[in-house]
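For reference, the chains in residue letters:
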Amino acid sequence: MARAGKIVLGRALGPHGLRGEIRIRYFGDGPANILRQPVVWLGDEENDAGAKRFEVARAGTGRAGEVRLALVGIEKREAAEELEGLLLLGSEEALEPLEEGEFYWHQLIGCRVETETGRDIGTIQEIWETGAHDVLVVDSEDGARQLISAAREIATEIDPEARRVVIETQPGMLETDES
């Protein structure tokens, strides 16, 4: 997708050691996308205009589900403690390239969802990881919220470029049935 910008990669958990390293809980399947970032931002929310920019001096894995970052300008434990709870933002351009037909979650936020018959369901607001299949949280224009499985049997067409997801409905799946 041609969008460029900052995306949420994780959350600062707190310091590691005395020299300002910070522990980050990564979001997603693994630490690779954080480890690829030469520069990161730490802020309160995804679109935080006041997010602070840091060059990454060192990055490595830590405990399960975590990475450790040494950031230029953060050299003491107390400075790392001040970053606790902030979101770690990274550059979309530094993400790992994906295979054909694969996509990142952030690419689906804002996509329209429709049935195989063309009925508009709404817009993807967020995605929940449930363990089995991810769940698309879709809000309609009238304010109704639908939870829709992202399993390939249901989400039959996912096209982030066209900002569109097509689902195959089953009886009772949607709050307002098509019949």
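As a convention, each chain's residues are numbered from 1 in the sequence order in which they are written. Given that the model is predicted, a residue must reach a pLDDT of at least 70 before its local features are reported, and side-chain atom pairs must reach 80 or more before they are shown or counted; all residues, however, enter totals for whole chains, interfaces and linings. Side-chain measures here rest on the full set of heavy atoms in the structure, leaving out hydrogens and waters.

On to the sheet that holds strand β8 (residues 120–128), then. The sheet built from six strands is open, its strands ordered β10-β9-β8-β7-β12-β11 with mixed pairing. The strands lining the two open edges of the sheet, one partner per strand, are β10 (145–149) and β11 (155–159). When the angles between neighbouring strand axes are averaged without regard to direction, this sheet yields 35°. In this analysis, strands are considered paired if DSSP registers two or more bridges between them. Strands are runs of DSSP state E lasting at least two residues, helices are runs of H or I lasting at least four, and both sets are numbered from the N terminus onward. Working convention: axes come from line fits to C-alpha atoms, limited for helices to the stretch in contact. Angles between N-to-C directions cover 0 to 180 degrees.

We define a salt bridge as a side-chain nitrogen of Lys or Arg found within 4 Å of a carboxyl oxygen belonging to Asp or Glu. If you walk through the whole model with that rule in mind, you get eight salt bridges. With a shortest N-O distance of 3.5 Å, Arg 77 and Glu 81 are connected by a salt bridge. On the criterion of helical spacing, the pair formed by Arg 77 and Glu 81 is a turn pair, its members being four residues apart in helix α2 (residues 77–81). Of the charged contacts in the structure, one is a salt bridge between Glu 157 and Arg 164, with a shortest N-O distance of 2.8 Å.

pLDDT gives the predictor's per-residue confidence on a scale running from 0 to 100. Per-chain confidence: the protein chain averages 86 in pLDDT, with 95% of residues scoring 70 or above. Taking the mean pLDDT of every element in the protein chain, the minimum, 87, falls on β11 and the maximum, 96, on strand β5 (residues 66–71).

Looking at where Thr 115 falls in the secondary structure, it is placed in strand β7 (residues 112–115). Only protein chains enter the accessibility calculation, which uses a 1.4 Å probe. A residue is then buried if its area is under 20% of the maximum for its type, exposed if over 50%, and partly exposed in between. Residue classification places Thr 115 among the buried positions, given a relative accessible area of 1%. Each polar contact in these results corresponds to two N or O atoms within 3.5 Å; when the atoms are within protein, one needs to be able to donate a hydrogen and the other to accept it, and residues that are neighboring in sequence are counted only if both atoms are side-chain atoms. Here the side chain of Thr 115 touches Thr 117 through a polar contact of 2.8 Å, side chain to side chain.

What follows is about the pairing of β5. Of all six residues making up β5, five are buried, and the element is well covered by its neighbours. Two elements, strand β2 (residues 21–26) and β5, share four bridges in a ladder whose sense is antiparallel. Bridging from a neighbouring strand, Ile 22 pairs with Leu 69 of β5. Where strand β4 (residues 52–61) hands over to β5, the hairpin turn is made up of four residues, of which Gly 65 adopts a positive phi near 80°.

A few words now on the sheet that holds β2. In any sheet, the strands associate via hydrogen bonds between backbone groups, in a parallel or an antiparallel arrangement. Strand order in the closed barrel made by the six strands is β1-β2-β5-β4-β3-β6, with antiparallel pairing throughout. Taking each pair of neighbouring strands and ignoring which way they run, the sheet shows an average axis angle of 45°. Pairing geometry for strand β1 (residues 6–16) and strand β6 (residues 87–91), over five bridges, is antiparallel. The residue bridging Lys 6 from the neighbouring strand is Ser 91, located in β6.

Let us now look at the environment of Phe 27. Along the chain, the position of Phe 27 falls in the loop between β2 and α1 (32–35). Assessed through its relative accessible area of 39%, Phe 27 is described here as partly exposed. On a C-alpha basis, the gap between Phe 27 and Phe 103 in space is 15 Å, while along the polypeptide they are 76 residues apart. Those residues within four positions of Phe 27 in sequence are excluded, and the remaining contacts are Val 8, Leu 9, Gly 10, Arg 11 and Leu 87. Whether two residues are in contact is decided by their heavy atoms: any pair within 4.5 Å suffices.

Here we come to the nonpolar core. Counting 21 residues, the largest nonpolar core has Ile 24, Ile 34, Leu 42, Leu 69, Leu 71, Leu 83 and Leu 88 as its most contacted members. Among all residues touching Ile 24, those that are not within four sequence positions of it are Gly 10, Arg 11, Ala 12, Leu 13, Ile 34, Gly 65, Glu 66, Val 67, Leu 69 and Leu 88. Residue types Ala, Val, Leu, Ile, Met, Phe, Trp, Tyr and Cys, when buried and joined through side-chain atoms within 4.5 Å, form a set referred to as a nonpolar core.

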